[in-house]
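Read off the chains here:
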Amino acid sequence: MQQIKRLPTKDGQLGWFESVSFQRPMPVQQAKKNENFDIIIVGAGFTGLATAGRLAELRPEARIALIDAMEVGQGASGRNAGFIIDLPHNLDPTEPDVEANTKVRDLNGFAIQRLKRIQEQQGFDVCWHEAGKYLAAHEEKHLSGLTDFVNTLEAIGEPYEILNDDALAERLGTHYYKRAVYTPGNILVNPAALAISVASALPSNVTLLENTAVHEIDLANKVIQTEKARLSADIIVLATNAFTEKFGVSPNRVTPIFTYASLTRPLNDSEMKAFQGISPWGLTSAHPAGTTVRLTSDKRIFIRNTLNYQPALSSTEASLDKAKMKHRQSYLARFPQVPDVPFEYTWGGMICVTMNHEPVFKEHAPNVYVIAAMNGVGVAKGTYLGNYMAEYICGKQSPELDFILEHSAPSWIPPDPLRSVGAHIRLSYEEHMARGEV
Ligand SMILES: Cc1cc2nc3c(=O)[nH]c(=O)nc-3n(C[C@H](O)[C@H](O)[C@H](O)COP(=O)(O)OP(=O)(O)OC[C@H]3O[C@@H](n4cnc5c(N)ncnc54)[C@H](O)[C@@H]3O)c2cc1C
């Protein structure tokens, strides 16, 4: 048995989870007795949820367990900024690969449709908002990032709108940005609410076991030890994102990067006058280390920035406090007209990245499958990779699956301590270069 040395923890207070507006329809169930399943999936983020959902459709007779150390919505899938991004995100601007970018756009579109169908069926308010997305720059020197993005949009025939200064301020309620490229296909959600809604739609042959950390695993015999139970299966799928290395698979391929978010209390009527006539919006930065901002449909302001490498896979109070201070500076720079709205929640979460932006998607050993490293766009990507992982396991072939298999070879990353040093230098450099975009 391999001992899992790092387990997921709750870093800070997760605003999305706390502000879910509906009551969870199913009870939280833990693994309490030894049991055998046909398939066990570890990790109930968007990736594990999609894998379980599609496997249950393809193998309705199979007994499937989906296990998570926390409650659904408390992992990175509920901690993110809530953008379901429709377009390719990690672009090579110099030479847009039209075929690959078109495929990624289509796969993202497939994921959005799947999530949309589920949330409509379930009928919970997940704050689903077809708001599009602004990619924005504050500083002159970052305008080139927008041009690169536009080149890719032109190459794949996607619609967009360019907004400058006052015209942009009219849409956002802030004069902070010089220019933005608006694309209409992005969806904004409360991600914790969406994850709970997706979990509530799982068919009855899926047993969801939450607050059930895997403490030990034997991949050869497909046995899992939790605090109270020993579970076994014919097939094991790891959808454990940043924790995947701890399971003894895919060493030196993935790097967990911590980032942090804050959510204000809802703005009152007088504060909302600063946003009169403005619809909820979401904005990402022209620089990868810049700040993500949202005006949510429940009238809160969301701020995300700060990147650091935490090999312990959990954050510290000091890091959370530091990030919160930075969030306040970013907030005041953008919204000086409503300076006194406090943050109600601040939390941290992990983005699992690879050097070449390709995910892990493979059969690691006979009947042991791994999906990890969504490179910061896991709501859509985790949903489509999970879906196609289920099809891969069931031997269902398709051009989409072929494309995914061809593009899932993450390159090598040096082990610690070299990784720590490299990550620290790179992240400090990126944050320095991003400056005004933070
Ligand atoms: C602040 C922030 C903002 C982001 N913004 C966006 C965004 O706007 N849009 C977007 O698409 N992506 C965004 N991301 C990235 C996105 O959250 C991830 O790509 C996505 O959550 C990956 O989903 P996943 O299911 O693969 O992994 P996860 O959601 O991390 O799920 C893995 C699960 O495995 C479980 N697990 C791990 N170890 C064990 C164990 N030993 N036993 C049992 N369970 C275990 C964990 O508890 C976890 O729930 C953001 C991330 C962060 C942190």
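The structure presented is a predicted model; accordingly, all values stated were derived computationally and were not measured.

Student: Residues and numbers for the nonpolar core, please.
Tutor: Counting residues in each nonpolar core, the largest one holds 69 residues, and the members touching the most others are Ile41, Leu66, Ile84, Trp128 and Leu194. Ranked by residue count, the leading element in this core is helix α10 (residues 378–393), at 8 residues. Of the domains in this structure, domain 1 (2–79 + 192–254 + 357–415) and domain 2 (116–189 + 255–355 + 423–437) are the two that each give at least three residues to this core. Beyond its immediate stretch of four places on either side in the chain, Ile84 contacts Ile112, Leu115, Trp128, Asn186, Ile187, Val189, Leu194, Val379 and Ala380.

Student: If you had to explain the packing of α10 against helix α11 (residues 399–406) to someone new, which residues and values would you point to?
Tutor: Two elements in contact, α10 and α11, have axes separated by 10 Å at closest approach and are oriented at 105°. Relative to α11, the element α10 is oriented roughly perpendicular. Contacts between α10 and α11 involve Tyr384, Leu385, Tyr388 and Tyr392 from the former and Glu400, Leu401, Ile404 and Leu405 from the latter. Here the residues of the contact of α10 with α11 are counted per class, giving 7 nonpolar, no polar and 1 charged.

Student: Break down the pattern of salt bridges for me, citing the residues and quoting the values.
Tutor: Per the counting criterion, the structure on display carries 19 salt bridges. Glu130 is the partner of Lys116 in a salt bridge, and the nearest nitrogen-oxygen pair spans 3.1 Å. Here Lys116, found in helix α4 (residues 98–122), pairs with Glu130, found in the loop between α4 and β5 (133–137); they are 14 residues apart in sequence, far enough to count as distant. By relative accessible area, Lys116 is classed as partly exposed at 23%. What makes Glu130 partly exposed here is its relative accessible area of 48%. Salt-bridge contacts for Asp298 lead to Arg300; the nearest nitrogen and oxygen are separated by 3.1 Å. The network of salt bridges with shared partners includes Arg54, Glu57, Arg114 and Glu391.

Student: Got a sec to walk through helix α9 (residues 317–334)? Specific residues and values, please.
Tutor: Across its 18 residues, α9 extends 26 Å between first and last C-alpha, which sits within 8% of the 26 Å expected from 1.5 Å per residue. Where the residues of α9 are buried, they touch β13 (255–264), β15 (292–295), β16 (301–309) and β17 (343–353).

Student: Go over the site of the ligand, please, and point to the residues and values.
Tutor: Residues in contact with the ligand amount to 36 residues; listed here are only the nearest, Thr47, Asp68, Ser77, Phe83 and Val214. At a separation of 2.6 Å, an oxygen atom of the ligand approaches a polar side-chain atom of Ser77. At a separation of 3.2 Å, an oxygen atom of the ligand approaches a polar side-chain atom of Asn80. Coverage of the ligand by the protein amounts to 97% of the 1000 Å² it exposes when considered alone. At the level of elements, α2 (46–58), α3 (76–79), β17 and α10 are the ones that each hand at least two residues to the shell around the ligand. By residue class, the composition of the shell around the ligand is 19 nonpolar, 14 polar and 3 charged. Residue-level mapping places the shell around the ligand at the junction of two domains, with at least three residues from each of domain 1 (2–79 + 192–254 + 357–415) and domain 2 (116–189 + 255–355 + 423–437).

Student: Break down the pairing of β13 for me, citing the residues and quoting the values.
Tutor: Regular strands show a simple pattern: their side chains alternate between the two faces of the sheet. The element β13 is largely enclosed, with a buried count of 10 among its 10 residues. Alternating positions in β13 separate into two faces, Thr255, Ile257, Thr259, Ala261 and Leu263 on one and Pro256, Phe258, Tyr260, Ser262 and Thr264 on the other, with burial throughout. Bridging between β13 and β17 involves 10 bridges; their strand directions are antiparallel. Its bridge partner being in β17, Ser262 is matched across the sheet by Thr346. Judged from the 7 bridges that link them, β13 and β16 form a sheet pairing that is antiparallel. Within the sheet, the bridge partner assigned to Thr259 lies in β16 and is Leu307.

Student: Can you lay out the domain arrangement of the protein chain for me, pointing to particular residues and giving the numbers?
Tutor: The domain architecture assigned to the protein chain consists of domain 1 (2–79 + 192–254 + 357–415) and domain 2 (116–189 + 255–355 + 423–437). Here domain 1 and domain 2 have C-alpha centroids that lie 27 Å from each other. Contacts between the two partners involve 38 residues from domain 1 and, on the opposite side, 34 residues from domain 2. Here domain 1 packs against domain 2, burying approximately 3000 Å² in sum over the two surfaces, 64% of which is carbon and sulfur. Contact with domain 2 buries surface across domain 1, with Asp11, Trp16 and Leu194 losing the most and accounting together for 20% of the total.

Student: Tell me about the sheet that holds strand β7 (residues 179–183), and please be specific about residues and values.
Tutor: In spatial order, the strands read β6-β7-β5-β14-β15-β16-β13-β17; together these 8 strands make up an open sheet with mixed pairing. Of all strands in the sheet, those bounded by a partner on one side alone are β6 (161–164) and β17. On average, each strand axis in the sheet is tilted by 25° relative to the strand beside it, whichever way the strands run. Looking at chain direction, β5 and strand β14 (residues 281–285) are connected through 3 bridges and run parallel.

Student: Help me get a handle on unusual backbone geometry, residues and values and all.
Tutor: Going from Asp416 to Pro417, the amide bond is cis rather than trans, its omega being 10°. Among the structural elements, Pro417 can be located in the loop between α11 and α12 (418–434). Phi at Asn241 takes a positive value of approximately 50°, unusual for a residue other than glycine. Among the structural elements, Asn241 can be located in the loop between β12 (230–238) and β13. Residue classification places Asn241 among the partly exposed residues on the basis of a relative accessible area of 23%. Residue Ser250 is not a glycine yet carries a positive backbone phi of 50°. On the secondary structure map, Ser250 appears in the loop between β12 and β13.

Student: Could you give an account of helix α7 (residues 191–200), naming the residues involved and the relevant values?
Tutor: For α7, a buried count of 10 out of 10 residues is recorded, marking the element as mostly surrounded by other parts of the structure. Buried residues of α7: Pro191, Ala192, Ala193, Leu194, Ala195, Ile196, Ser197, Val198, Ala199 and Ser200, and no others. For α7, the N-terminal capping position is held by Asn190, with its side-chain oxygen 3.0 Å away from the main-chain nitrogen of Ala192.

Rules of the game
- The numbers attached to residues start from 1 for each chain and follow its sequence in the written order.
- With pLDDT at 70 or above as the cut-off, local features in this predicted model cover only qualifying residues; side-chain atom pairs require 80 or more to be listed or tallied, and sums for whole chains, interfaces and linings still use all residues.
- The side-chain numbers reported here are obtained from all heavy atoms of the structure, hydrogens and water having been left aside.
- Residues belong to one nonpolar core when they are buried, are Ala, Val, Leu, Ile, Met, Phe, Trp, Tyr or Cys, and are joined through side-chain atoms within 4.5 Å.
- Relative accessible area decides the class of each residue, using a 1.4 Å probe on protein chains only: under 20% of the type maximum gives buried, over 50% gives exposed, and in between gives partly exposed.
- Here a strand is any run of E in DSSP of at least two residues, a helix any run of H or I of at least four, and the numbering for each starts at the N terminus.
- For the domains described, the bounds stem from an automatic or database domain assignment.
- We call two residues contacting when some pair of their heavy atoms lies within 4.5 Å.
- Fitted lines through C-alpha atoms serve as axes, helices being fitted only where they are in contact, and the angles separating the N-to-C directions of these axes extend from 0 to 180 degrees.
- Any angle from 65 to 115 degrees is called roughly perpendicular, while one under 35 is roughly parallel, one over 145 is roughly antiparallel, and all others are oblique.
- In this count, Pro and Cys sit with the nonpolar residues alongside Ala, Val, Leu, Ile, Met, Phe, Trp and Tyr, while Asp, Glu, Lys and Arg are called charged and the others, Gly among them, polar.
- We define a salt bridge as a side-chain nitrogen of Lys or Arg found within 4 Å of a carboxyl oxygen belonging to Asp or Glu.
- One less than the residue count of a helix, multiplied by 1.5 Å, gives the span that helix is expected to have.
- Residues are classed as near a molecule or strand on a simple rule: at least one heavy atom within 4 Å of it.
- Polar contacts, as used here, are pairs of N or O atoms within 3.5 Å; protein pairs need one atom able to donate a hydrogen and one able to accept it. Residues neighboring in sequence count only if both atoms are side-chain atoms.
- Working definition of accessibility: Shrake-Rupley area with a 1.4 Å probe, residue cover restricted to the visible protein chains.
- Think of it this way: DSSP has to see at least two bridges between two strands before they count as a pair.
- Simply put, the buried area is the total loss of 1.4 Å probe accessible area from both parts when two parts are fitted together.

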